[in-house]
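# A structural walkthrough
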Amino acid sequence: MKAKAKANTNIALIKYWGKRDNELILPMNSSISITLDGFYTITSVEFKEDLKNDIFILNNKETEDKEQKKISKFLDIVRELSKVKLYAEVNSENKVPTAAGFASSASGFAALACASSKAAGLSLSERELSMLARRGSGSACRSIFGGYVKWEKGEKLEGTDSHGVRLLSEKDWDISILSVMVASGKKKVSSREGMKRTVETSPFYSGWLDTVEKDIKIAEEAIRLKDFYSLGNIAEENALKMHATMLGAKPPVLYWEHGTLEVMGHIQNLRESGIPAFFTIDAGANVKVLCLKENENMVYESLLKLSSVMKVLVCHPGSGVSYLE
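Residues numbered from 1 in each chain as written. Predicted model: local features only at pLDDT ≥ 70, side-chain atom pairs only at ≥ 80, totals over all residues. Heavy atoms only, no water.

## With respect to the overall build of the protein chain
Helix and strand content of the protein chain: nine helices and 14 strands. Expressed along its principal axes, the backbone C-alpha trace of the protein chain runs to roughly 65 × 40 × 40 Å. Burial analysis of the protein chain (325 residues in total) assigns 55% to the buried set. Residue pairs at least 24 apart in sequence account for 75% of intrachain contacts in the protein chain once pairs closer than 6 positions are excluded. In the structure as shown, the protein chain presents an accessible area of about 14,600 Å², 50% of it carried by carbon and sulfur atoms. (Helix = DSSP H or I, 4+ residues; strand = E, 2+ residues; numbered from the N terminus. Buried < 20%, exposed > 50% of the residue type's maximum accessible area, 1.4 Å probe, protein only. Contact = heavy atoms within 4.5 Å. Areas by Shrake-Rupley, 256 points an atom, 1.4 Å probe, with all protein chains shown as cover.)

Following this line, the structure appears as structure tokens:
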């Protein structure tokens, strides 16, 4: 009763912001992402008869009680589905630079969903794996698939229509995604808290919901046509709109720092000079930059010259989950 799986992280182009069900992790709106190469989690799960509780080892170190409980809660879902009564030892190796603003929960729970379900004897489809991964972390449902992925928000109360769908393979359209690190400290407001506060208190949130499905349609069409300019434009607009909703929260949520603004201004200047580059920002200070591969080196070098930039990490579209044993 043992299995091992690998999953890559992803970056949202059209953001998931707000939950309609916190327990099942059902989103208020659909979202679109790119699964990335290079940054991943490898997780092995073994159900054992001699264990008295679940054990979670991350990067060769047993985790704190809070993390253990989160993993056990997820494994309880797998146990319920499989009728397995045993506790498990979970070993994870995380190669996701969380300080640079990549969410390790996406690759972490995608890998855990695959490894734990297989170890428990379940044979799940990609769609079923996506729904299972979602129960650990919303964005994890997108990391089941490679390339360009849509997370269908769904309408059903039980969440059986809320899962990832592949829009385009990673092999079909290769672009560059540069993660620009301007801050490495812990955020004052977690993404989860920022999201909750925005939904509950921001007068701008209704405007987000009124327009985000239109953003989804524009992005889907851009991906279908491989129209980089349209995709970059809508990704940038969507990110700015999401952050605008946070500024209306009570109290306001502001993740940007000086370096965030410096990078945003630099990318806008690059565009004015004829270089197609666009930015997107998650719930944090660091910036992701989209550009064409032919301009990757030039954009990379220009970003490193900015005074507030600590590091630039380069990614491209990557594959979905895979079983290692």
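There is more to say after this.
## Observations concerning the sheet that holds strand E11 (residues 277-280)
Spatially, the four strands line up as an open sheet ordered E11-E12-E10-E13, and their pairing is antiparallel. Here the strands that pair on one side only, and so sit at the sheet edges, are E11 and strand E13 (311-315). Put simply, the sheet's adjacent strands are angled 25 degrees from each other on average, direction ignored. Pairing of E11 with strand E12 (residues 287-291), which is carried by four bridges, proceeds in the antiparallel orientation. (Pairing = 2+ DSSP bridges. Axes fitted to C-alpha atoms, helices over the stretch in contact; angles between N-to-C directions.)

## Some words on unusual backbone geometry
Omega for the bond connecting Lys-250 with Pro-251 falls within 30 degrees of zero, at -10 degrees, which places this linkage in the cis form. By the element assignment, Pro-251 lies in the loop between helix H7 (228-247) and helix H8 (258-272). Of note, the phi angle at Ile-25 is positive, near 50 degrees, even though the residue is not glycine. By the element assignment, Ile-25 lies in the loop between strand E2 (19-21) and strand E3 (26-27). Positive phi, normally seen in glycine, also occurs at Asn-60, with a value near 70 degrees. The topology assignment puts Asn-60 in the loop between strand E5 (55-58) and strand E6 (61-62). In this structure Asn-60 comes out as exposed when scored by relative accessible area, which is 76%.

## Observations concerning the UniProt feature "domain: Mvd1 C-terminal" (unreviewed entry) in the protein chain
Summarizing the sequence annotation, UniProt attributes the feature "domain: Mvd1 C-terminal" (unreviewed entry) to residues 180-306 in the numbering used throughout. The distance separating the terminal C-alpha atoms of residues 180-306 is 10 Å; by composition the span is 60% helix and 9% strand. (UniProt positions renumbered as here; feature names shortened; annotations may be inferred.)

## Overview of the packing of aromatic side chains
Enumeration according to the criterion identifies five aromatic pairs in this entry. Summarising the aromatic geometry, the rings of Phe-228 and Phe-278 are spaced 5.7 Å apart at their centres and angled 65 degrees between planes, so their arrangement reads as edge-to-face. Of this pair, Phe-228 sits in helix H7 while Phe-278 sits in strand E11; the two residues are 50 residues apart in sequence, bridging distant segments of the chain. Exposure class is identical for Phe-228 and Phe-278. Each is buried. Every member of this aromatic cluster is reached through a ring pair, and the members are Phe-228, Tyr-229 and Phe-278. (Phe/Tyr/Trp six-rings, centres within 6.5 Å; stacked < 30°, edge-to-face > 60°.)

## So, the nonpolar core
Counting 43 residues, the largest nonpolar core has Trp-17, Ile-34, Tyr-148, Trp-173, Ile-177 and Leu-231 as the members making the most contacts within it. Elements that contribute at least two residues to this core include exactly strand E1 (2-14), strand E4 (31-48), strand E8 (148-152), helix H6 (205-225), H7 and E13. Broken down by element, the residue count for this core peaks at seven residues, all from H6. Setting aside anything within four residues of it in sequence, one finds Trp-173 in contact with Tyr-148, Leu-168, Ala-222, Ile-223, Lys-226, Asp-227, Phe-228, Leu-231 and Pro-317. Counting residues in hydrophobic clusters, the runner-up holds 30 residues, among them Ala-5, Ala-120, Ile-144 and Val-149. (Core = buried A, V, L, I, M, F, W, Y, C linked by side-chain atoms within 4.5 Å.)

## Side note on the state of the cysteines
Inspection of the entire model under this criterion finds zero disulfides. Free cysteine Cys-291: the closest other cysteine sulfur is in Cys-315, separated by 12 Å. (Disulfide = S-S within 2.5 Å.)

## Overview of the environment of Gly-146
Tracing the chain through its elements places Gly-146 in the loop between helix H4 (140-143) and E8. The exposure class of Gly-146 is buried, given its relative accessible area of 1%. Between the C-alpha atom of Gly-146 and that of Ala-113, which follows or precedes it by 33 residues, the distance is 16 Å. Other than its neighbours up to four places away in sequence, Gly-146 contacts Thr-35, Arg-166, Leu-168, Glu-170, Gly-318, Ser-319 and Gly-320.

## Some remarks on the environment of Lys-61
The topology assignment puts Lys-61 in strand E6. Separated by 14 residues in the primary sequence, Lys-61 and Leu-75 place their C-alpha atoms 19 Å from one another.

## Regarding the packing of helix H1 (residues 65-82) against helix H2 (residues 104-119)
Two elements in contact, H1 and H2, have axes whose closest approach is 10 Å; the angle formed by their N-to-C orientations is 45 degrees. The angle between the axes of H1 and H2 places the two elements in the oblique class. The hand of the H1/H2 crossing is right-handed. In contact with Lys-70, Ile-71, Phe-74, Leu-75 and Val-78 of H1, H2 contributes Phe-109, Leu-112, Ala-113, Ser-116 and Ser-117. The class makeup of the residues in the contact of H1 with H2 is seven nonpolar, two polar and one charged. (Parallel < 35°, antiparallel > 145°, perpendicular 65-115°, else oblique. Left-handed = near helix turned anticlockwise from the far one by under 90°. Nonpolar A, V, L, I, M, F, W, Y, C, P; charged D, E, K, R; others polar.)

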